[in-house]
Amino acid sequence: MVFAPGKFLLFLWTIGTLPQASSKKDKGRRRNGPTATGNDAAALVAHVKCQVCEIGVQQARRQARNKSIEGEDRLADFVENLCSWRQPEGRWLARLDITQRGPKTKDAPAPPQPEEPWPWNWVNRAKVLFGLTSERTNSKPPVGARRVTADDPLSVVLKEETRECQNECTWVQKACQSSIKEEKLVEMLMKSEGTSAMRKQICKKACGKRWDELPRLDYWMDEPFKPAPLKTSHKVELKLSPGDLEAMAARENIMKERQPKPSADL
């Protein structure tokens, strides 16, 4: 079988261009996807669950004391919703912001990879096209991402206001659920243990690894902290404790908004 030179060159050109087009599409999908590099949410949760656990224990003790939540049944119901940002008991999760401690520095561009000689470059592209091997990954971080290192690790900050929940609320919620054991927390709340003692026992496993023992997380793309608009649904209003000062202030504001405004003609 004899190939015409023109058809042979067209075949080689097709093999060379299709993998490049597919890689561009993949890069576009990765940019619009989760901010955890490589979609590795498990590694991200491992990097923040120690800090989320310590903040969660403090919030649990503070809420139980301020709302006078006592008794095993009431504490169990309270702790059950502590790690759900959609519940009033877990709204503290919407105040968390994942950031990095060090100053922002521009990463040096990755060195260009050497070009393979012909015809091996075409052979490797053909292998990628037909799924015989995976395309080489580029070590260059996405635009706006920062490297995660021991000198610049991830940090969880508790803000005064709540945020519009997107990806970060989901990740800190998973970190809370995987680190706080409900039975142990209820037991220590019933004994009125101090915050330091509760953190030491409940967060022992979550905080037991050094930074170099955590799963690898190369880059982090920060999600902007956008404060949520002030609005209170009827469901949340009913779940607020009668003795909570914040709940009483929220009810007063709602009643003021419901009052009819005086007409401008009068």
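Whatever comes next refers back to the structure up there.
Residues numbered from 1 in each chain as written. Predicted model: local features only at pLDDT ≥ 70, side-chain atom pairs only at ≥ 80, totals over all residues. Heavy atoms only, no water.

This brings us to a negative patch on the surface. Negative charge collects at one region of the surface, where Glu72, Asp73, Asp77, Glu80, Glu182 and Glu183 lie side by side. Of all the elements in the fold, those that place two or more residues in the negative patch are α3 (72–80) and α6 (182–190). When residues of the negative patch are assigned to their parent elements, the largest contribution, four residues, is made by α3. Here Asp73 lies in helix α3. For Asp73, a relative accessible area of 61% puts it in the exposed group. (Patch = residues over 30% accessible without salt bridge, like charges linked within 9 Å, V, L, I, M, F, W, Y side chains within 5 Å. Areas by Shrake-Rupley, 256 points an atom, 1.4 Å probe, with all protein chains shown as cover. Salt bridge = Lys/Arg side-chain N within 4 Å of Asp/Glu carboxyl O. Lys, Arg positive; Asp, Glu negative; His and termini not counted. Charge placed at Lys NZ, Arg CZ, Asp CG, Glu CD. Helix = DSSP H or I, 4+ residues; strand = E, 2+ residues; numbered from the N terminus. Buried < 20%, exposed > 50% of the residue type's maximum accessible area, 1.4 Å probe, protein only.)

Right, let's get into the environment of Pro88. Here Pro88 is to be found in the loop between α3 and β1 (96–100). Since its relative accessible area comes to 16%, Pro88 is described here as buried. Remark: the alpha-carbon pair of Pro88 and Phe78, spanning ten residues in sequence, is separated by 9.6 Å.

Our focus in this paragraph is the packing of helix α2 (residues 41–66) against helix α5 (residues 167–179). Running from N to C, α2 and α5 cross one another at 65 degrees; their axes reach a closest spacing of 8 Å. With respect to α5, the element α2 is oriented roughly perpendicular. Crossing angle aside, the handedness with which α2 passes α5 is right-handed. Contact residues: α2 offers Ala41, Leu44, Val45, Val48, Lys49, Val52 and Cys53, while α5 offers Trp171, Val172, Lys174, Ala175, Cys176, Ser178 and Ser179. Tallied by class, the residues present in the contact of α2 with α5 amount to ten nonpolar, two polar and two charged. (Axes fitted to C-alpha atoms, helices over the stretch in contact; angles between N-to-C directions. Parallel < 35°, antiparallel > 145°, perpendicular 65-115°, else oblique. Left-handed = near helix turned anticlockwise from the far one by under 90°. Contact = heavy atoms within 4.5 Å. Nonpolar A, V, L, I, M, F, W, Y, C, P; charged D, E, K, R; others polar.)

The N-to-C vectors of α3 and α6 enclose an angle of 135 degrees; their axes lie 10 Å apart at closest approach. Taken as axis vectors, α3 and α6 run oblique relative to one another. For the pair α3 and α6, the crossing hand works out as right-handed. Side by side, α3 and α6 meet where Glu72, Leu75, Ala76, Phe78, Val79 and Glu80 of the first sit next to Glu182, Leu185, Val186, Leu189 and Met190 of the second. In the contact of α3 with α6, the residues fall into eight nonpolar, no polar and three charged.

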